Amino acid sequence: MKTGIDLNKKQTIVRKYLLGLLMFCGFSWQVRGAVVDTLWIHSEGMDKEIQTVVISPGEGKATTPVIYLLHGHGGNAKSWVDDVKPDLPELADLYGICLVCPDAQNSWYWDSPRDSSSRYETFVSEELIRYVEARYPVVKECKGRAITGYSMGGHGAMWIALRHTSVFGAAGSICGGVDLRPFPDNWNLKEHLGEENKHREIWEKHTVINQVDRLKNGDLALIFDCGYDDFFFEVNNDFHEKLLKYKIDHDFIVRPGAHTNDYCRKSIDYQLLFFKKYFDKNKNK
């Protein structure tokens, strides 16, 4: 009987030791893991502070590539981490990639032709990159930069990348509004471009699909996807067809699904892997 009591005590001690060890290991992993910074970055062009979330890999990582990750309409700098993909820090650490998530209000990432205080194309393609590269150990060449986003952010990523191929080496879009002309009365678009029937030329110039003729094959590694039930499915399919017409290589993925965070949550896994492979392929070039 005494031996049994001693054995139970020993087992209890072992369990407490293992529990303590696990707790210690968990704490250590958090210390060594990705770092999430919430910053306020001054935009000279807009003369205001822009909230930005930067997720950088943990200690011991060498100079890393960077992905600029743009939120959708109604979102903000924290939308990706808080609402869409809470495990982004773990993925940043796993792939050794820095992720940058700026707030862009409902700007559609244009330099608005009607509102000089809304210059988010310039902010993302110039000011934000300059800030990040001055403070984080990231690759400072286009082969180490990618940009993607969800919905409005997908539009913004393609809009910016197609117009700045010397800045970004790869670009993506998830359920992106790559042609907004079929939706003239939605999502604050008139505030930025004016009414479509009165300002048709402006709408034509500010449409992603109309930027394809800027591209030469190989300018960008491209990936985009959209669910069959998404209201942006047809315009994404049209974008795919136009890229084929211009002989621009790209990955276009279609799956069952609608315009939801759940669809986006699954899609970003494919895109992060796509960008990781792109970065690895071009690392020593």
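Cut-offs applied
- Residues numbered from 1 in each chain as written.
- Predicted model: local features only at pLDDT ≥ 70, side-chain atom pairs only at ≥ 80, totals over all residues.
- Heavy atoms only, no water.
- Core = buried A, V, L, I, M, F, W, Y, C linked by side-chain atoms within 4.5 Å.
- Buried < 20%, exposed > 50% of the residue type's maximum accessible area, 1.4 Å probe, protein only.
- Helix = DSSP H or I, 4+ residues; strand = E, 2+ residues; numbered from the N terminus.
- Contact = heavy atoms within 4.5 Å.
- Disulfide = S-S within 2.5 Å.
- Axes fitted to C-alpha atoms, helices over the stretch in contact; angles between N-to-C directions.
- Parallel < 35°, antiparallel > 145°, perpendicular 65-115°, else oblique.
- Left-handed = near helix turned anticlockwise from the far one by under 90°.
- Pairing = 2+ DSSP bridges.
- Right-handed = clockwise from strand over helix to strand, strands pointing away.
- Polar contact = N/O pair within 3.5 Å; in protein donor to acceptor, adjacent residues only side chain to side chain.

1. With respect to the nonpolar core
Formed by 85 residues in total, the largest nonpolar core has its most connected members in Y68, W80, I147, M158 and F239. Top contributing element to this core by residue count: helix α9 (residues 261-282), with eight residues. Other than its neighbours up to four places away in sequence, W80 contacts L69, L70, H71, K85, P86, L88, C101, G149, Y150, I174, C264 and I268.

2. Re the state of the cysteines
Enumeration over the complete set of coordinates arrives at zero disulfides. In this model C101 remains outside any disulfide bridge; the closest cysteine sulfur is found in C98, 9.1 Å from its own.

3. Focus on unusual backbone geometry
One non-glycine residue, C175, lies in positive phi territory at about 50 degrees. The residue C175 is located in the loop between β6 (170-174) and α6 (189-193) in this model. Taking relative accessible area as the criterion, C175 reaches 0% and is therefore assigned buried. Despite not being glycine, K247 shows a phi value in the positive range, around 60 degrees.

4. With respect to the side chain of E121
Looking at the secondary structure, you find E121 in helix α4 (residues 120-135). Using a relative accessible area of 7% as the deciding quantity, one classes E121 as buried.

5. Re the packing of helix α3 (residues 88-95) against α9
Packing of α3 against α9 leaves a shortest axis separation of 11 Å and a crossing angle of 20 degrees. As judged from the angle between their axes, α3 and α9 are roughly parallel. Once α3 is placed against α9, the crossing between them reads as right-handed. Across the interface between the two elements, L88, L91 and Y95 from α3 touch D269, L272, L273 and K276 from α9.

6. Brief notes about the pairing of strand β7 (residues 221-227)
By the criterion of burial, β7 is predominantly enclosed, with seven of the seven residues buried. In β7, alternate side chains face the same way, and those of A221, I223, D225 and G227 on one face and L222, F224 and C226 on the other are all buried. As paired elements, β6 and β7 share five bridges and run parallel to each other. Bridging across to β7, A171 finds its partner in L222. Both β7 and strand β8 (residues 251-255) contribute to a ladder of five bridges, which runs parallel. Bridge pairing in β8 places G227 opposite R255. For the handedness criterion, the β-α-β arrangement of β7, helix α8 (residues 233-245) and β8 is classed as right-handed.

7. Thoughts on the packing of α4 against helix α5 (residues 152-163)
Where α4 meets α5, the closest approach of the two axes is 11 Å, and the angle between their N-to-C directions is 60 degrees. α4 and α5 meet at a crossing whose hand is right-handed. Contacts between α4 and α5 involve Y120, E121, V124 and S125 from the former and W159, I160 and R163 from the latter.

8. Digging into the environment of W203
For W203, the location among the structural elements is in helix α7 (residues 200-205). In this structure W203 comes out as buried when scored by relative accessible area, which is 1%. Along the sequence, W203 and K190 sit 13 residues apart, while their C-alpha atoms lie 9.6 Å from each other. In this structure, W203 is in contact with L180, R181, F183, P184, L189, L193, G194, E195 and E196, ignoring residues within four places of it in sequence. For W203, the side chain forms a polar contact with the main-chain oxygen of G194, separated by 2.9 Å.

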